[in-house]
Amino acid sequence: MPVIADPLHRPFTMFWPTDEALAALLPAQQHWLYSNQNLHHLLQVLNFHIISDWRIDAVDFPLKIEPRTMQGSTLSITCSRFEIGALMLNDGAAQIVQRHLVFDGGIAYGINGLLEPPHLGARCDTFTRQPVSGICGNCSAVPRCLPGTKLKGGMLNYHRNCWYVPRSHRSAFGSVSHSSRTVPGCSADCLTPVWLPQCCKHHYGHDCQGTVQYTADYDQLSSRPLICIHNEVAAWLSG
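Residues numbered from 1 in each chain as written. Predicted model: local features only at pLDDT ≥ 70, side-chain atom pairs only at ≥ 80, totals over all residues. Heavy atoms only, no water.

1. Quick notes on the state of the cysteines
Put simply, the test is: Only a pair of cysteine sulfur atoms within 2.5 Å qualifies as a disulfide here. For the purposes of this entry, the term helix denotes a DSSP run of H or I that reaches at least four residues, the term strand denotes a run of E that reaches at least two, and both are numbered from the N terminus. Residue burial is assigned from relative accessible area. The probe radius is 1.4 Å, only protein chains are included, and a residue is buried under 20% of its type maximum, exposed over 50%, and partly exposed in between.
For the structure on display, the rule yields 3 disulfides. At a sulfur-sulfur separation of 2.1 Å, the disulfide partner of Cys-136 is Cys-162. Around the S-S axis, the bridge from Cys-136 to Cys-162 shows a dihedral of about 85° and counts as right-handed. With Cys-136 in the loop between strand E7 (126-133) and strand E8 (150-151) and Cys-162 in strand E9 (residues 158-164), the pair connects residues that are 26 residues apart, well separated along the chain. The class for Cys-162 is buried, based on a relative accessible area of 14%. One disulfide in the model links Cys-139 with Cys-186; its S-S distance is 1.9 Å. As the torsion about the S-S bond is roughly 90°, the Cys-139-Cys-186 disulfide counts as right-handed. One end of the pair, Cys-139, is in the loop between E7 and E8; the other, Cys-186, is in strand E10 (residues 183-196), and 47 residues separate them in sequence. Residue Cys-139 is classed as buried on the basis of its relative accessible area, which comes to 18%.

This is how it looks when you write it as structure tokens:
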């Protein structure tokens, strides 16, 4: 990302999903994120994990304001209501699990989930293959598939179900008239990719912005004050 190398935006605060968090994504969601057709969406997802012009140290958390990310949406960083010492992003969408990762240009924090920009939602678009016929032609030299399509199974299979005008029946300029004679021919069995927009599990609505959440009953903890303390103190209290 060229913007990272631009000193104009430094220092940065970044939130990096761990390898385990990325591996836990649904296969369809991984395919959507890393597909060449969705590189512009992937860039927005990455920018949603970056805050420019501000190095936020661990001692500054939790924040009273919601900083704006390079994607344009704001990001909340608050204390967990259910785990002492834990810091949460966007109301529990991810938790900070690694702190104070200093790098050239700023500071980073490891998180246990991938953050979703509000207007993108959680998309799991996929592609399927739809059979189409190639160009109709002479059965002794069947024409190949149309541009953007491929042979079904990688092999030339064809069927006799079309009519075409041989070159010998065309005008000197290769044009076809109403009086041109057609003869039976063959066309190759081809496949064309078809894009199928869909939402990931537990997401719905336009651009998959709606979510269905399944949470445990934490009524007995709802009145716990939001207190963040260092991990060492949290471990001492839990012991």
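On we go from here.
2. So, the nonpolar core
As a reminder of what qualifies: Buried Ala, Val, Leu, Ile, Met, Phe, Trp, Tyr and Cys residues that are joined via side-chain atoms within 4.5 Å together make up what is termed a nonpolar core. We call two residues contacting when some pair of their heavy atoms lies within 4.5 Å.
The biggest cluster of nonpolar side chains holds 16 residues, and the ones touching the most others in it are Phe-15, Phe-61, Leu-89, Ile-96, Ile-111 and Leu-115. For this core, the secondary-structure elements that each account for two or more residues are strand E4 (87-89), strand E5 (94-103) and strand E6 (106-111). Among the elements that line this core, the one with the most residues is E6, at 3 residues. In this view, Ile-111 contacts Phe-15, Trp-16, Pro-17, Thr-18, Ala-21, His-49, Leu-89, Ala-94, Gln-95, Ile-96 and Val-97; residues no more than four positions away in its chain are not counted. Counting residues in each nonpolar core, the second largest holds 7 residues, with Cys-145, Cys-186, Ala-188 and Cys-190 among its members.

3. What about the packing of aromatic side chains?
For clarity, the threshold we go by: Only centres within 6.5 Å qualify two rings of Phe, Tyr or Trp (six-membered ring in Trp) as a pair; their planes then separate them into stacked at under 30 degrees, edge-to-face at over 60, and tilted for everything else.
This model, assessed by the stated rule, comprises 3 aromatic pairs. Ring centres 5.9 Å apart and planes at 25° place the aromatic pair Phe-15 and Tyr-109 in the stacked group. Here Phe-15, found in strand E1 (residues 12-17), pairs with Tyr-109, found in strand E6; they are 94 residues apart in sequence, far enough to count as distant. Given the relative accessible area of 0%, Phe-15 is considered buried. The class for Tyr-109 is buried, based on a relative accessible area of 1%.

4. Re the confidence of the model for the chain
Under the convention used in this document: pLDDT is a residue-level measure of predictor confidence that goes from 0 to 100.
Chain-level statistics for the chain give a pLDDT mean of 78 and a share of 74% at 70 or above. Below pLDDT 50 for its whole length, residues 214-239 participates in 25 contacts with residues either more than four positions away or in separate chains.

5. A look at the environment of Leu-196
With respect to the element layout, Leu-196 can be found in strand E10. A relative accessible area of 35% places Leu-196 in the partly exposed class. Separated by 68 residues in sequence, Leu-196 and Thr-128 place their C-alpha atoms 7.2 Å apart.

6. Regarding the pattern of salt bridges
When charged atoms on two side chains of opposite charge get close, those side chains can pair. Quick note on the threshold: Every case where a carboxyl oxygen of Asp or Glu lies within 4 Å of a side-chain nitrogen of Lys or Arg is listed as a salt bridge.
Tallied over the entire structure, the rule returns 1 salt bridge. Among the salt bridges present, the one from Arg-55 reaches Asp-57, with a minimum N-O distance of 2.9 Å. Using a relative accessible area of 34% as the deciding quantity, one classes Arg-55 as partly exposed.

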